[in-house]
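What the coordinates show
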Amino acid sequence: SILIDMIVAFCIVITEGPRHRGGESFCSFYKPKIEFQLKEKCIDDKKMVVDWFTDEAKRLYPKAIRIDATAVCHESK
């Protein structure tokens with residue numbers, strides 16, 4: 001059977017602006033340890049996972065001025 005994974009792409013902005021002018025941000029990917037049997041279930045849970053991730057990022061980076069995150073669902077290989 002095919003399993004579906006979720007990947008969260010995010011940027012945590014500490015200081016707005018380009019790096020050469022003192023801007024600071026951290027952008028990367030996060031793969032929650034959740035596997036879904038159905039792509040529809042993954043899609044239904046995306047908002048909950050992104051909201052959880054954003055809350056955790058705010059807790060870990062309280063000086064962040066903006067946290068952008070989005071999630072995608074894809075078949076596991």
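Coordinates for the structure precede this section.
So, here's what we can say about the structure. (Residues numbered from 1 in each chain as written. Predicted model: local features only at pLDDT ≥ 70, side-chain atom pairs only at ≥ 80, totals over all residues. Heavy atoms only, no water.)

Concerning the overall build of the protein chain
Scanning the protein chain from N- to C-terminus turns up one helix and four strands. Along the protein chain, helices and strands appear, N-terminal first, in the series β-β-β-α-β. At 15 Å, the protein chain has a C-alpha radius of gyration far larger than the 11 Å of a compact globule built from 77 residues. Seen along its three principal axes, the alpha-carbon backbone of the protein chain occupies a region of about 50 × 20 × 15 Å. (Helix = DSSP H or I, 4+ residues; strand = E, 2+ residues; numbered from the N terminus. Rg over C-alpha atoms; globule rule 2.2 N^0.38 Å.)

Here's the deal with the pairing of strand β1 (residues 4-15)
The two faces of a sheet get side chains in turn, since along a regular strand they alternate between them. Direction of pairing for β1 relative to strand β3 (residues 35-36): antiparallel, over a ladder of two bridges. Across the sheet, residue D5 finds its bridge partner in β3, namely E35. Bridge count for β1 against strand β4 (residues 66-75) is ten bridges, and the pairing is antiparallel. Looking at the pairing, A9 lines up with T70 of β4. Bridge count for β1 against strand β2 (residues 24-30) is seven bridges, and the pairing is antiparallel. Within β2, the residue paired with A9 across the bridge is F29. (Pairing = 2+ DSSP bridges.)

Topic: a nonpolar patch on the surface
The grouping of F26, L60 and Y61 at the surface amounts to a nonpolar patch, some 300 Å² of accessible area in total. Tracing the backbone through its elements, the reader meets Y61 in the loop between α1 (39-60) and β4. Among the residues examined, Y61 registers a relative accessible area of 34% and is labelled partly exposed. (Patch = residues over 30% accessible without salt bridge, like charges linked within 9 Å, V, L, I, M, F, W, Y side chains within 5 Å. Areas by Shrake-Rupley, 256 points an atom, 1.4 Å probe, with all protein chains shown as cover. Salt bridge = Lys/Arg side-chain N within 4 Å of Asp/Glu carboxyl O. Buried < 20%, exposed > 50% of the residue type's maximum accessible area, 1.4 Å probe, protein only.)

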